[in-house]
Amino acid sequence: QSVLTQPPSASGTPGQRVTISCSGSSSNIGSNTVNWYQQLPGTAPKLLIYSNNQRPSGVPDRFSASKSGTSASLAISGLKSEDEADYYCAAWDDSLNGHVVFGGGTKLTVL
Amino acid sequence: QVQLQESGPGLVKPSETLSLTCTVSGDSISTYYWSWIRQTPGKGLDWIGYVYYSGTTNNIYNPSLKSRVTISIDTSKNQFSLKLSSVTAADTAVYYCARRLGTYSTFDIWGQGTMVAVSS
């Protein structure tokens, strides 16, 4: 069971806006920044969002994210078929001398 | 551009030690923190630990694996390595090496991953 909680699945049709939630606690999301990763089928994860809401170079502005308290969310607008992937949130957790924790992942299906 | 490549045996026997190496190309390893992350089949990501170029003094490991994990670095070869002892079937996973950039959970470059199965 993952320390950060994500819904196992999400779906949307092309052009729609989809959001994926990530719930944590005061020792992780509540006191540290959140990153989001996209994993396309058969590939390594790719950094999608860092420091809560920053996009690395090359990531379309259709992807956005936010954080509030002990939760974070990723939003994808103008959904495209190529967005079908697994999405993971991650944060540093201050407990037990500190360690990185991931969400269990959300499989996004574009209908 | 910076690339990471994992290498090592694809099959390890139970109770033995899993050993993997990550070769960094396109940049010096002597700048960042480097990490190992694994993904069990059909499941999520599991962070294993960090090593810094200056040596293992500043290593940080996943508390759940700490007793079995050693991550080391060889700056002369631009490589870092993972050793996981006393493996069981639960350690069967795809193992990724990654570069940490910025905050603790920001991994900006990943290797392609290598599958390691634990089986007799």
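Note: the structure precedes this text.
Colleague: Just give me the short version of the interface of chain A and chain B, but keep the residues and values in it.
Modeller: Counting residues at the interface gives 20 residues for chain A and 21 residues for chain B. In total, about 1600 Å² of surface goes out of reach between chain A and chain B, with carbon and sulfur atoms giving 66% of it. Its largest share of buried area at the contact with chain B, chain A owes to Trp92(A), Val100(A) and Phe102(A), together 33% of the area lost on that side. Counting across the chain A and chain B interface gives zero salt bridges. Broken down by secondary-structure element, the contributors of at least two residues to the side of chain A that touches chain B are strand E3 (34–39), strand E7 (85–93) and strand E8 (99–102) of chain A. The biggest single contributor to the side of chain A that touches chain B is E7(A), with four residues. Taken together, the residues of the side of chain A that touches chain B sort by class into 12 nonpolar, eight polar and no charged.

Colleague: Explain the state of the cysteines to me, using residue names and the numbers behind them.
Modeller: Residue and element names in this part refer to chain B. Under the counting rule described, the total for this entry stands at two disulfides over all chains. Two residues share a disulfide in this structure: Cys-22 and Cys-97, whose sulfurs sit 2.1 Å from each other. Across the S-S bond linking Cys-22 and Cys-97, the dihedral sits near 60 degrees, which makes this disulfide right-handed. Taken as a pair, Cys-22 in strand E3 (residues 18–25) and Cys-97 in strand E9 (residues 93–100) lie far apart in primary sequence, 75 residues in all. As far as the burial class goes, Cys-22 and Cys-97 line up, both buried.

Colleague: Lay out the nonpolar core with the relevant residues and their values.
Modeller: One finds Leu18(B), Trp34(B), Trp36(B), Phe80(B), Leu82(B) and Tyr95(B) to be the most contacted residues of the largest nonpolar core, which totals 28 residues. Contributions of two or more residues to this core are made by E3, strand E4 (33–39), strand E5 (45–52), strand E7 (69–74), strand E8 (79–84), E9 and strand E11 (114–118) of chain B. With four residues, the top contributor of residues to this core is E3(B). The next biggest cluster of nonpolar side chains, apart from the first, holds 24 residues, and it includes Ala10(A), Ile20(A), Cys22(A) and Ala65(A).

Colleague: Could you give me a rundown of the sheet that holds E3(B), with the residues and numbers involved?
Modeller: In a beta sheet, neighbouring strands are held together by backbone hydrogen bonds and run either parallel or antiparallel to one another. All names here are of chain B. Taken in spatial order, the four strands of this open sheet run E1-E3-E8-E7, and their pairing is antiparallel. Whereas interior strands pair on both sides, the edge strands pair on one side only; in this sheet they are strand E1 (3–7) and E7. Adjacent strand axes in the sheet meet at a mean angle of 20 degrees when their direction is disregarded. The pairing of E3 with E8 spans six bridges and is antiparallel. In the sheet register, Cys-22 faces E8, and the bridge partner there is Phe-80.

Colleague: Residues and numbers for the pairing of strand E6 (residues 71–76) of chain A, please.
Modeller: Residues and elements named next belong to chain A. One ladder, built from six bridges, connects strand E2 (residues 18–23) with E6; its direction is antiparallel. In the sheet register, Cys-22 faces E6, and the bridge partner there is Ala-72. As consecutive antiparallel partners, strand E5 (residues 63–68) and E6 are separated by two residues, and within that stretch Gly-69 has a phi angle of approximately 60 degrees, a positive value.

Colleague: Which residues make up unusual backbone geometry, and what values do they have?
Modeller: The general pattern is negative phi for most residues beyond glycine and trans for most peptide bonds. Non-glycine residue Asn97(A) carries a positive phi angle of around 70 degrees. With phi around 80 degrees, Ser15(B) is a residue other than glycine that occupies positive phi space.

Colleague: Before we move on, could you go through the pattern of salt bridges and cite the residues and values that matter?
Modeller: Oppositely charged side chains can pair when the atoms bearing their charge come close. Residue and element names in this part refer to chain B. Applying the stated rule across the entire model yields six salt bridges over all chains. Between Arg-99 and Asp-108 there is a salt bridge; the shortest N-O distance is 2.5 Å. Of the residues examined, Arg-99 reaches a relative accessible area of 7% and is grouped as buried. A network of salt bridges, in which partner residues are shared, links Arg-38, Asp-46, Arg-68 and Asp-91.

Parameters and conventions
Counting restarts for each chain: residues are numbered from 1 in the order of the written sequence. All chains are assigned letters beginning at A, and all ligands numbers beginning at 1, according to the order in which they are written. Reporting of local features is limited, given that this is a predicted model, to residues whose pLDDT is at least 70; pairs of side-chain atoms are given and counted only at 80 or more, and all residues count toward the totals for whole chains, interfaces and linings. Based on all heavy atoms of the structure, the side-chain values leave hydrogens and waters out of the count. Note on definitions: a residue-residue contact is assigned when non-hydrogen atoms from the two residues lie within 4.5 Å. Two parts lose some accessible area (1.4 Å probe) when they are put together, and adding that loss for both gives the buried area. A carboxyl oxygen of Asp or Glu within 4 Å of a side-chain nitrogen of Lys or Arg is what we treat as a salt bridge. Here a helix means four or more residues in a row that DSSP labels H or I, a strand means two or more in a row labelled E, and each is numbered from the N terminus. Three classes are used, and their members are as follows: Ala, Val, Leu, Ile, Met, Phe, Trp, Tyr, Cys and Pro are nonpolar, Asp, Glu, Lys and Arg are charged, and the others, Gly among them, are polar. Two cysteine sulfurs form what is called a disulfide whenever their separation falls within 2.5 Å. Think of it in three bands: with a 1.4 Å probe and only protein chains considered, a residue is buried below 20% of the maximum accessible area for its type, exposed above 50%, and partly exposed in between. The definition of a nonpolar core used throughout is a set of buried Ala, Val, Leu, Ile, Met, Phe, Trp, Tyr and Cys residues joined through side-chain atoms within 4.5 Å. Strand pairing is defined by DSSP finding a minimum of two bridges between the two strands. Only the stretch in contact is used when fitting a helix axis, every axis being a line fitted to C-alpha atoms; angles between N-to-C directions are given from 0 to 180 degrees.

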